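Listed here are the chains, written in short residue letters.
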Amino acid sequence: MADEQSPANEQQLHDESHCDVVMVRVGIDVGNTAIKVVTEFSATDETVQRNKTRGPQLRSISLRDPEWITKCVEHLQTLAEQVAACESRDCESVCYDVRVASVNRGSAEPLVVALDEAFFQCIRVRFVTHEDVSMPIDVNFPERVGIDRLLGAEAAFRRHTAPLIVVDAGTTVTVDFVSAEGVFRGGAILPGLEMQTAALAAGTDALPKLDWASHRCREMPEGPGRDTVAAMRLGVLASVAGAVERLLRIYGGAATLVVTGGDAGCLVDALPAECDAVEEPHLVAQALLDLMLHD
Ligand SMILES: Nc1ncnc2c1ncn2[C@@H]1O[C@H](COP(=O)(O)OP(=O)(O)O)[C@@H](O)[C@H]1O
Ligand SMILES: CC(C)(COP(=O)(O)O)[C@@H](O)C(=O)NCCC(=O)O
Ligand SMILES: [K+]
């Protein structure tokens with residue numbers, strides 16, 4: 001794991017109070033399928049009195065794309081041009097304060113190197129660690145829990161009434177419990193939609209790979225499945241939605257069900273209405289912005 005502070009940290013960022021600097025806050029959630037880049041900035045010049053800020057912008061970039069690092073750098077470079085234009089500054093006055101949450105070291109490290117190289121004196125990159133999580137963690141090995149699970153739980157707790165069941169549907173599906181007192185109590189981990197369909201195709205001669213994006217479901221498919229693809233989609237969605245429903249009972253008691261992750265939309269529509277699932281897209285990336293606002 002790269003050390004927490006990137007080389008650029010030796011280069012002091014422009015002092016934010018310096019009137020011609022626009023500081024852009026960037027949260028990057030590095031998962032096992034995609035990175036989620038969320039950006040937000042506040043004008044720091046004379047308009048600061050009006051506290052002019054922009055709502056967070058989000059971009060998801062698939063790690064399957066060989067150009068994913070370049071696309072992330074270009075995304076931030078384009079943003080710098082937009083920010084500079086709207087603040088009538090030159091690009092050199094745009095600085096980035098970046099917080100990275102990673103459960104995928106093999107991807108996070110080259111990304112941080114590329115960002116430091118691309119924005120050398122105008123970037124500060126810090127990895128979020130368990131020390132940054134304020135939520136109490138009551139599990140056997142707290143330091144081993146994925147930082148994405150903890151940040152998602154913390155962000156959900158800030159936004160919804162506990163007890164909470166926080167589901168993050170991505171590469172894997174995590175289903176975590178937060179007590180009424182706001183304590184992270186652990187949860188369950190199961191294969192995500194794409195992982196399951198990839199396993200079906202890899203483990204058999206006849207089953208095809210499914211592209212969930214092209215089959216993006218907005219409701220649970222009819223059962224029983226009348227063809228191979230329908231049977232696969234039904235089976236995988238039922239296994240994930242069924243697991244969530246079963247875990248709601250196992251965790252016991254009434255809890256607010258919060259669903260995040262790239263496949264949240266698919267899962268929310270596959271769950272019964274009585275689950276009252278609340279969809280919170282990209283909760284982990286939002287948690288990173290929350291951290292920076294409380295820096
Ligand atoms: N840009 C994207 N790249 C990859 N997957 C995406 C993208 N947008 C939506 N998805 C869907 O989201 C899922 C990945 O969810 P995500 O929460 O990003 O995973 P992780 O956090 O495990 O990397 C994919 O399986 C796919 O169905
Ligand atoms: C469970 C996870 C793989 C989920 O990652 P994701 O599906 O978001 O890519 C990640 O949270 C992780 O690596 N956790 C470490 C082990 C644990 O949480 O117990
Ligand atoms: K995730």
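Please read all numbers here as calculations on a predicted model, not as lab measurements.

Engineer: Can you help me understand the site of ligand 1 in this one?
Structural biologist: Close to ligand 1 lie 15 residues; Thr33, Lys36, Thr171, Gly262 and Asp263 are nearest. Ser60 places a polar side-chain atom, nitrogen or oxygen, 3.2 Å from a nitrogen atom of ligand 1. One nitrogen or oxygen atom from the side chain of Thr171 is found 2.5 Å from an oxygen atom belonging to ligand 1. For ligand 1, whose accessible area on its own is 570 Å², the fraction buried by protein is 80%. In this structure, ligand 1 is accommodated by the largest pocket. Class assignment of the residues belonging to the shell around ligand 1 gives a composition of two nonpolar, nine polar and four charged. Residue assignment places the shell around ligand 1 across two domains, with domain 1 (7-127) and domain 2 (160-286) each supplying three or more.

Engineer: Before we go on, may I ask you to explain helix 7 (residues 283-293) in this structure?
Structural biologist: In an α-helix, one full turn covers 3.6 residues, which means residues spaced three or four apart are oriented alike. Among the 11 residues of helix 7, nine are classified as buried, and the element is accordingly described as predominantly covered. Residues of helix 7 that are buried: Leu283, Val284, Ala285, Ala287, Leu288, Leu289, Asp290, Leu291 and Met292.

Engineer: Where do I start with the pairing of strand 5 (residues 123-127) in this structure?
Structural biologist: Most of strand 5 is tucked away, with four of its five residues classed as buried. Bridge count for strand 4 (residues 94-102) against strand 5 is five bridges, and the pairing is parallel. Bridge pairing links Arg99 to Arg126 in strand 5. Each parallel crossover has a hand, and the one from strand 4 via helix 2 (residues 105-118) to strand 5 is right-handed.

Engineer: Is there a simple way to explain the packing of aromatic side chains in this structure?
Structural biologist: Each aromatic ring pair is specified by the distance between its two centres and by the angle formed by the two planes. Within the structure shown, the criterion is met by two aromatic pairs. A centroid spacing of 5.0 Å and a plane angle of 65° characterise the contact between Tyr96 and Phe119, whose relative ring orientation is edge-to-face. Residue Tyr96 is located in strand 4, and its partner Phe119 is located in the loop between helix 2 and strand 5; the two are separated by 23 residues in the primary sequence. If you follow Arg144 out to its NZ or CZ, it ends over the ring of Phe141, 3.9 Å from the centre.

Engineer: How should I be thinking about the pairing of strand 1 (residues 22-30) in this particular structure?
Structural biologist: Sheet faces and side chains relate simply in a regular strand, where the side chains alternate between the two faces. Strand 1 sits mainly inside the fold: nine of its nine residues count as buried. Bridging between strand 1 and strand 4 involves nine bridges; their strand directions are parallel. Looking at strand 4, one finds that Met23 is bridged to Cys95. Alignment of strand 1 against strand 2 (residues 34-42), held across eight bridges, turns out to be antiparallel. Bridge pairing in strand 2 links Arg25 to Glu40. Counting the residues between successive antiparallel strands, the hairpin from strand 1 to strand 2 contains three residues.

Engineer: Explain the layout of surface pockets here, please?
Structural biologist: Think of a ball as big as a water molecule: rolled over the atoms, this probe shows where empty space is left. The volume enclosed by the largest pocket comes to roughly 950 Å³. Taken together, 39 residues form the lining of the largest pocket, with Thr33, Ala34, Lys36, Gly170 and Thr171 sitting closest to its centre. Listed by contribution, the elements that provide at least two residues to the lining of the largest pocket are strand 2, strand 3 (57-62), helix 3 (147-159), strand 6 (164-169), strand 7 (172-178), helix 4 (193-202) and helix 7. Taken together, the residues that form the lining of the largest pocket break down as 13 nonpolar, 15 polar and 11 charged. Shared between two domains, the lining of the largest pocket holds at least three residues of each, these being domain 1 (7-127) and domain 2 (160-286).

Engineer: When you look at empty space enclosed by the protein in this model, what are you seeing that I'm missing?
Structural biologist: This model, assessed by the stated rule, comprises one cavity of 30 Å³ or more. Here the largest cavity defines a volume of roughly 40 Å³. In terms of lining residues, the largest cavity is bounded by Asp148, Arg149, Gly152, Val166, Asp168, Thr174, Asp176 and Thr260. Elements with a minimum of two residues in the lining of the largest cavity: helix 3, strand 6 and strand 7. Per element, the largest residue contribution to the lining of the largest cavity is three residues, and it comes from helix 3.

Engineer: Looking at this structure, how should I read the UniProt feature "binding site: ATP" (unreviewed entry) in the protein?
Structural biologist: Under the UniProt annotation, the feature "binding site: ATP" (unreviewed entry) is placed at Asp29, Val30, Gly31, Asn32, Thr33, Ala34, Ile35, Lys36 and Thr171. Taken along the chain, the residues just named run across 143 residues; in space they keep tight, none of their C-alpha pairs more than 13.1 Å apart. As for the annotated residues named above, the ones lining the largest pocket are Asp29, Gly31, Asn32, Thr33, Ala34, Lys36 and Thr171. Among the residues examined, Thr33 registers a relative accessible area of 23% and is labelled partly exposed. Not counting residues within four places of it along the chain, the set of residues in contact with Thr33 comprises Ser62, Leu63, Arg64 and Thr171. Its place among the elements puts Ile35 in strand 2. Of the residues examined, Ile35 reaches a relative accessible area of 0% and is grouped as buried. Those residues in contact with Ile35, other than ones at most four positions away along the chain, are Ile28, Asp29, Val30, Arg59, Ser60, Ile61, Leu63, Trp68, Cys72 and Leu111.

Thresholds applied
Residues numbered from 1 in each chain as written. Chains lettered and ligands numbered in written order. Predicted model: local features only at pLDDT ≥ 70, side-chain atom pairs only at ≥ 80, totals over all residues. Heavy atoms only, no water. Near = heavy atom within 4 Å. Polar contact = N/O pair within 3.5 Å; in protein donor to acceptor, adjacent residues only side chain to side chain. Areas by Shrake-Rupley, 256 points an atom, 1.4 Å probe, with all protein chains shown as cover. 1 Å grid on protein atoms, 1.4 Å probe; cavity = no way out; pocket = protein on both sides within 12 Å on 5 of 7 lines; lining within 4 Å. Sits in = over half its atoms within 2 Å of the grid points. Nonpolar A, V, L, I, M, F, W, Y, C, P; charged D, E, K, R; others polar. Domains from an automatic or database assignment. Buried < 20%, exposed > 50% of the residue type's maximum accessible area, 1.4 Å probe, protein only. Helix = DSSP H or I, 4+ residues; strand = E, 2+ residues; numbered from the N terminus. Pairing = 2+ DSSP bridges. Right-handed = clockwise from strand over helix to strand, strands pointing away. Phe/Tyr/Trp six-rings, centres within 6.5 Å; stacked < 30°, edge-to-face > 60°. Lys NZ or Arg CZ within 6 Å of the ring centre and 35° of its normal. Points joined across faces, edges and corners; volume = space filled by probe spheres on them. UniProt positions renumbered as here; feature names shortened; annotations may be inferred. Contact = heavy atoms within 4.5 Å.

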